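# Chain and residue survey
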Amino acid sequence: MIFPFRAIPTKNPFILAPMAGCTDLPFRLLCKEHGACLCYSEMIDCHGLVAQEEECLGLLRTTVAEQPVAMQLYGCDPGMMGEAAAILAGLPIACIDINMGCPMEKIVQKGSGAALMKNPRLAEKIIASVCNNSPKPVTVKIRSGWNQHTINAPEIAKIAEGAGAQAIAIHARTWSDGFTGPIDHRAILQTMENVSIPVFANGDITSHEQGVALLKKLGCAGVMIGRAALGAPWIFSGAVNQHPSMAYRVKALLRHLELAETYLAPEPNLSKIRNHAWKYFRGTTNGPAIRKQIDAATSYPELRTFIHNLAERVFRQ
Ligand SMILES: Cc1cc2nc3c(=O)[nH]c(=O)nc-3n(C[C@H](O)[C@H](O)[C@H](O)COP(=O)(O)O)c2cc1C
C-alpha cells in the first residue's frame, strides 16, 4: 500500500495516542524503543504557545531519537492555530496534529477539542489555516461524532482531507460517550470509505494481538493506542509476551526512570512519574504492596531507591 503520509511505515503501524499529562518525551522515547512507529505529544494550547508560555514551551521538548513524532495543537481560533502551527513547523518533528476529540468541559466550552465536531465550517477553517502555515504534514484526531444522533466522522474527515490534512485518527466514540462504551467500527469503515488519506483506528485496543486483529478486520492504515500503553510500552511490540514477567516490567520501568532523569526534571514531576510507575504493576500479584510503596515516596530519590531495590530483589530471583 502506498501512503501519501510517509511518517507511517506499513510494517508495524502501531501509534502512541496523544495523552495530556502522560505522553511526554521520556514516555514517547520508551514507546518508540518498544516499536511504536509514530508517537503523539500531549495537547498544546495554541494561545499558550503563541504567547510563549513556559508550560507550553516545555511540551515542545523533542530529540532526534524519538522521530517520527507528532505534536498536537488545540484551539478554536483559525488565526491562532495557524500561528502556533508555524512555530511547531520550525521544530524537527514529523507532523502536526489538530485535536478535535478532547471531551473536557473546559476545552469544549470554548469551542475547541470535540466541540469542533459540531462546527464543520470552523473545523475546516482551522485545518486549512494549520495546513497553510505548515510545510509539515497535518493530521486530525476526531471522534465519531458529537453524540449517537450526530455521527459525522466520515463528513468531517472528508472536510479535513479537502482542507489539506494528510491522515485522520478516529477515536470511534462520540463526545457524549466520553471514554467508555463500545467502539463504533462502522464509523471507522465509513470514514475510510469517504477519504483517500490514511485512517488510524483508536479506542480500547488493549493488546498487540487485538491491534493486529483490528488492522486485519478494518484494513485501516494504523492503530492508535492510548491507555493500554501506560505502564505497558511493550504493547507496541509483536515480539514481546503481552503478560511479561515482573523482571521484564521492572526493567522497562528502570529505563523509563532513566529517560525521565535525562529529559525531565524528576523532582517537580514526581507525581507524574509516580503515576507512570504505578501502572507497570497492573494485574501483578505483588502489585498492591508495590503501589503502596510507590505512593509513600515523598521525593524522587526515595522513589528511585525503592524501584532500584525492587529491581535488585526481582533480578536475583
Ligand atoms: C489521560 C488521558 C489524556 C488524554 N489526552 C489527550 C490529548 O491530549 N489529546 C487527544 O487528542 N486525546 C487525548 N486523550 C484521548 C486518547 O488519545 C485516546 O483517544 C483515548 O484514550 C481512547 O484510546 P484508548 O482507549 O486506547 O485509551 C487522552 C486520554 C487519556 C486517558
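Look up a bit, the structure's there.
Every value quoted in this text rests on a predicted model; they were computed, and no experiment measured them.

Direction vectors running N to C along helix α11 (residues 270–279) and helix α13 (residues 300–316) enclose 20°, while the axes themselves pass 10 Å from each other. Considering the angle they form, α11 stands roughly parallel to α13. Crossing of α11 over α13 shows left-handed handedness. Two secondary-structure elements touch here, α11 through Leu270, Ile273, Arg274 and Ala277 and α13 through Tyr300, Leu303 and Ile307. The residue makeup of the contact of α11 with α13, split by class, is six nonpolar, no polar and one charged.

All right, on to helix α8 (residues 185–194) then. Taken residue by residue, α8 has Ala187, Ile188, Thr191 and Met192 as its buried positions. One face of α8 carries all of its buried residues, which in axial projection span an arc of 135°. Set apart from the buried face of α8 by more than 90 degrees, the exposed residues are Arg186 and Glu193. In this fold, the buried residues of α8 make contact with β5 (138–145), α7 (153–163), β6 (167–174), β7 (199–202) and α9 (208–218).

Relative placement of two packed helices is described by the angle separating their axes and the distance separating the axes. Packing of helix α10 (residues 246–263) against α13 brings their axes to within 10 Å, and their N-to-C directions diverge by 150°. On the basis of their axis angle, the class for α10 and α13 is roughly antiparallel. Our pair here, α10 against α13, has a crossing hand that is left-handed. Where α10 abuts α13, its residues Met246, Ala247, Val250, Leu253, Leu254 and Leu257 lie against Arg304, Ile307, Leu310, Ala311, Val314 and Phe315. Within the contact of α10 with α13, the residues separate by chemical class into eleven nonpolar, no polar and one charged.

Here Asn12 shows up in the segment before β1 (14–16). Residue classification places Asn12 among the partly exposed residues on the basis of 19 C-beta atoms within 10 Å. For the pair Asn12 and Gly238, spaced 226 residues apart in the sequence, the C-alpha separation amounts to 8.4 Å. Ignoring any residue separated from it by four or fewer positions in sequence, one finds Asn12 in contact with Gly35, Cys37 and Gly238.

Procedures and definitions
Residues numbered from 1 in each chain as written. Predicted model: local features only at pLDDT ≥ 70, side-chain atom pairs only at ≥ 80, totals over all residues. Axes fitted to C-alpha atoms, helices over the stretch in contact; angles between N-to-C directions. Helix = DSSP H or I, 4+ residues; strand = E, 2+ residues; numbered from the N terminus. Parallel < 35°, antiparallel > 145°, perpendicular 65-115°, else oblique. Left-handed = near helix turned anticlockwise from the far one by under 90°. Contact = placed C-beta atoms within 7 Å. Nonpolar A, V, L, I, M, F, W, Y, C, P; charged D, E, K, R; others polar. Buried ≥ 20, exposed ≤ 12 C-beta atoms within 10 Å, placed from the backbone. Arc of directions from axis to C-beta.

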